[in-house]
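For reference, the chains in residue letters:
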Amino acid sequence: MILRPYQTEIISKTVQAIRSGEKSILVVAPTGSGKTIIFAHIATGAVKKNKRVLILTHRREILYQTVDKIKAFGIHAGQIVSGKPTGKELIQVAMVGTLINRLELIQPPDLIIIDEAHHAVSNTWSKILNYFDVLKIGYTATPERLSGEGLNEIFSHMILGPHTIDLIPDSLSPPRMFCGDNIQEKSKLKITRGDYDKIEQAHKMLKKVVIGSVINHYREKLNGLPTVCFCVSVDHAKMMEREFTAAGYSSRTVHGKMNRKDRDFAINGLSTGEVQVLCSCDVISEGVDIPVIAGAVLLRRTKSLALYLQQVGRALRPYPGKTEAIILDHAGNFYEHGHPLDIRSWSLEAKKRSKRTEAKPPVSVCPKCSGIWPGLPKVCPDCGHNLQEDRDRAEGRKPPREIEGILREVMPGQDVQIIRAVTDEVLRMQLMQPGDRQRHMRYQVNRYGNCERTRGIAVALGYKRSLPYSMAIHRGRG
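Below, the structure is looked at part by part.

**Some points on the overall build of the protein chain**
Logical step 1: Across its full length, the protein chain holds 17 helices and 20 strands.
Logical step 2: Buried positions account for 54% of the 478 residues belonging to the protein chain.
Logical step 3: Restricting to contacts in the protein chain with at least 6 residues of sequence separation, those with at least 24 account for 73%.
Logical step 4: Carbon and sulfur atoms make up 50% of the accessible area of the protein chain, which totals about 22800 Å².

If you want it as structure tokens, here you go:
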């Protein structure tokens, strides 16, 4: 198997680190960079020297995928998984949940390889790693935990591979990301175990209280192309399957409790054309390769940068004829984590917790007269516009209904605060009458001039991008 130059470089750096005495190494490379190929190459090299290799995984899909990749190098790997006896092959690919109960039954390895190594500090994984005093090499795209704890308890040396943007277009498809006006981004969601509460999200999504038509945006940007829709829960995934099917698209649901045969049949349908939209709950996000995906629809909001980049990364894998990957972010994850092509700095150390800041006092902005009032008055003191109805609509306290929203393309390096300001302003201006909307557009240009903010508002509302410039010239602010 022919390796790409950056894969060869990573292997070379790993060998150098081992020769310099490092015993616990973490390799960081983005989703889609072929980490499984890299460690399969290292594992088969060790076997040729008659060394025993133990590869740790935490999902059956990843285990089967790893076994297949090693087979491509001409070596048969054993499997340590429930329902199967432990074999004597020099390479053993293990489910951590099974291995933890068989530690005394297997022959000690000479090398342990950890896939999705950001899990290594969790209880079960760390017990296995501490049980064997041997060389350890971990691989991950995102070396951080949602809890913020560092990986330096397990790893002492980190090798940084290329950034995602470095792999475009030779190894990955360039993403075009569109961020919608969504109740997920607007509403305050409860935090449970460090992430947005899935039960609360599912409750909102099952009621369809969402600003922006997922189906219409899929039709506009992808229209029948193979797509994965990342959902909050199994019920939410099944609901989205029904919605896409009713709209005339072939759709299936996959989730962790399905048997492998049914799950593989649904996933393979993306490649054959039998499935256009695959609605997934906790299956196609981490470590699972799906070669034919044109785009991704994000419907689950998360505080986990790792989960966000893993989901987006599924859509970046190229295939013949594919020129770009379309990401439709209806969950507001861009506002939380930025663009997937942004350059990120990684460290083995724990993340510093941000200091808590005092909450700002509430302020109400009238969408009709642009009046700004302290507190939460029910009506605008100036023009009498019903502000409470606007808040009820934004918080989903009206009967469930779908409100047509907009999608804006976001680019790497863009200022999230400007994007957020544009989103908020457009949402208010959409509620105005055409005459009031144009007067408010003039107010925005008079206040901010011809800038990224006003140009973004103009384009989102269907005006020409040059409108702020024309208004600014008229006002003498060009």
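**Quick look at the packing of helix H14 (residues 416-430) against helix H15 (residues 434-448)**
Each pair of packed helices can be described by the angle between their axes along with the distance between the axes.
Logical step 1: For the pair H14 and H15, the least separation of the axes is 10 Å and the interaxial angle reads 155 degrees. Judged by the inter-axis angle, H14 sits roughly antiparallel to H15. Where H14 crosses over H15, the two elements pack in a sense that is right-handed. For the pair formed by H14 and H15, the contact residues are Glu-425, Met-429 and Gln-430 on the first element and Arg-437, His-440, Met-441 and Gln-444 on the second.
Logical step 2: Partitioned by chemical class, the residues of the contact of H14 with H15 number two nonpolar, three polar and two charged.

**Topic: the pattern of salt bridges**
Where charged atoms from two side chains of opposite charge approach closely, those side chains can pair.
Logical step 1: Going through the model one piece at a time under the given rule, you end up with nine salt bridges.
Logical step 2: With a shortest N-O distance of 3.6 Å, Asp-195 and Arg-300 are connected by a salt bridge. With Asp-195 in strand E10 (residues 195-196) and Arg-300 in the loop between strand E15 (295-298) and helix H11 (305-314), the pair connects residues that are 105 residues apart, well separated along the chain. Considered together, Asp-195 and Arg-300 belong to a single accessibility category, that of buried residues.
Logical step 3: Connected through salt bridges with shared partners, the residues Asp-195, Lys-198, Asp-282 and Arg-300 form a single ionic network.

**So, H15**
Logical step 1: With 15 residues, H15 should cover 21 Å at 1.5 Å per step; its first-to-last C-alpha distance of 21 Å lies within 8% of that length.
Logical step 2: Residues Asp-436, Arg-437, His-440, Met-441, Gln-444 and Val-445 constitute the buried set of H15.
Logical step 3: Within two residues after H15, Gly-449 carries a phi angle of roughly 80 degrees, on the positive side.

**Description of the pairing of strand E6 (residues 135-140)**
Looking down a regular strand, the side chains alternate between one sheet face and the other.
Logical step 1: By the criterion of burial, E6 is predominantly enclosed, with six of the six residues buried.
Logical step 2: The side-chain alternation of E6 yields two buried faces, one formed by Leu-135, Ile-137 and Tyr-139 and the other by Lys-136, Gly-138 and Thr-140.
Logical step 3: Pairing between strand E1 (residues 24-28) and E6: five bridges, direction parallel. Note on E6: the bridge partner recorded for Leu-26 is Gly-138.
Logical step 4: Examined bridge by bridge, strand E5 (residues 111-115) and E6 share five bridges and lie parallel to one another. Residue Ile-112 lies in a different strand from E6, and its bridge partner there is Lys-136.
Logical step 5: Considered for its hand, the β-α-β crossover made up of E5, helix H5 (residues 123-131) and E6 is right-handed.

**Description of the packing of aromatic side chains**
Both the distance between ring centres and the angle between the ring planes are used here to describe each pair of aromatic rings.
Logical step 1: Using the criterion set out here, one finds five aromatic pairs in the structure.
Logical step 2: Between Tyr-218 and Phe-244, the ring centres sit 5.3 Å apart and the planes meet at 80 degrees, which makes this aromatic pair edge-to-face. In this pair, Tyr-218 sits in helix H8 (residues 214-221) while Phe-244 sits in helix H9 (residues 234-246), placing the two residues 26 residues apart along the sequence. Neither Tyr-218 nor Phe-244 differs from the other in exposure class; each is buried.
Logical step 3: An angle of 90 degrees between the planes, with centres 4.9 Å apart, marks the rings of Tyr-218 and Tyr-249 as edge-to-face. Of this pair, Tyr-218 sits in helix H8 while Tyr-249 sits in the loop between H9 and strand E13 (251-255), and the two are 31 residues apart along the sequence. You'll find Tyr-218 and Tyr-249 in the same group, each marked buried.

**Here we look at the side chain of Asp-115**
Logical step 1: Along the chain, the position of Asp-115 falls in strand E5.
Logical step 2: Buried Asp-115, no salt bridge; nearest opposite-charge side chain is Lys-35, N-O distance 6.6 Å.
Logical step 3: Those residues in contact with Asp-115 that lie beyond four places of it in its chain are Phe-39, Leu-56, Thr-57, Ile-62, Thr-66, Trp-125 and Tyr-139.

**What about the environment of Ala-394?**
Logical step 1: Secondary-structure assignment places Ala-394 in helix H13 (residues 387-394).
Logical step 2: Between the alpha carbons of Ala-394 and Leu-427 there is a distance of 9.7 Å; along the sequence they are 33 residues apart.

**With respect to the nonpolar core**
Logical step 1: By size, the foremost hydrophobic cluster in this structure holds 58 residues, and its most contacted members are Leu-54, Leu-56, Leu-99, Ile-114, Phe-155, Leu-278 and Ile-284.
Logical step 2: Looking at this core element by element, the count peaks at four residues for H11.
Logical step 3: Counting 33 residues, the second-largest nonpolar core is a separate cluster that includes Ala-17, Ile-42, Ala-43 and Leu-111.

**Here's the deal with the packing of H8 against H9**
Logical step 1: Contact pair H8 / H9: the axes reach a minimum separation of 10 Å and the direction vectors enclose 55 degrees. In terms of axis orientation, H8 runs oblique to H9. Between H8 and H9 the crossing geometry is right-handed. Side by side, H8 and H9 meet where Val-214, Ile-215 and Tyr-218 of the first sit next to Met-240, Glu-243 and Phe-244 of the second.

**Digging into the sheet that holds strand E3 (residues 78-80)**
Logical step 1: Judged by pairing direction, the sheet is parallel, and its seven strands sit side by side in the order E3-E4-E2-E5-E6-E1-E7 without closing on themselves. Whereas interior strands pair on both sides, the edge strands pair on one side only; in this sheet they are E3 and strand E7 (157-160). When the angles between neighbouring strand axes are averaged without regard to direction, this sheet yields 20 degrees.
Logical step 2: The strands touched by helix H2 (residues 35-47) are strand E2 (53-57), strand E4 (91-95), E5 and E6; relative to E6, the strand with the most contacts, the crossing angle is about 160 degrees.
Logical step 3: Running at roughly 170 degrees to E4, helix H3 (residues 60-71) makes contact with E2, E3, E4 and E5 of the sheet.

**Examining the state of the cysteines**
Logical step 1: Taken as a whole and judged by the stated rule, the model has zero disulfides.
Logical step 2: Left unpaired, Cys-279 is separated from the closest cysteine sulfur, that of Cys-229, by 4.7 Å.

Quick notes on the rules
- Residues numbered from 1 in each chain as written.
- Predicted model: local features only at pLDDT ≥ 70, side-chain atom pairs only at ≥ 80, totals over all residues.
- Heavy atoms only, no water.
- Helix = DSSP H or I, 4+ residues; strand = E, 2+ residues; numbered from the N terminus.
- Buried < 20%, exposed > 50% of the residue type's maximum accessible area, 1.4 Å probe, protein only.
- Contact = heavy atoms within 4.5 Å.
- Areas by Shrake-Rupley, 256 points an atom, 1.4 Å probe, with all protein chains shown as cover.
- Axes fitted to C-alpha atoms, helices over the stretch in contact; angles between N-to-C directions.
- Parallel < 35°, antiparallel > 145°, perpendicular 65-115°, else oblique.
- Left-handed = near helix turned anticlockwise from the far one by under 90°.
- Nonpolar A, V, L, I, M, F, W, Y, C, P; charged D, E, K, R; others polar.
- Salt bridge = Lys/Arg side-chain N within 4 Å of Asp/Glu carboxyl O.
- Expected span 1.5 Å × (residues − 1).
- Pairing = 2+ DSSP bridges.
- Right-handed = clockwise from strand over helix to strand, strands pointing away.
- Phe/Tyr/Trp six-rings, centres within 6.5 Å; stacked < 30°, edge-to-face > 60°.
- Lys, Arg positive; Asp, Glu negative; His and termini not counted.
- Core = buried A, V, L, I, M, F, W, Y, C linked by side-chain atoms within 4.5 Å.
- Disulfide = S-S within 2.5 Å.

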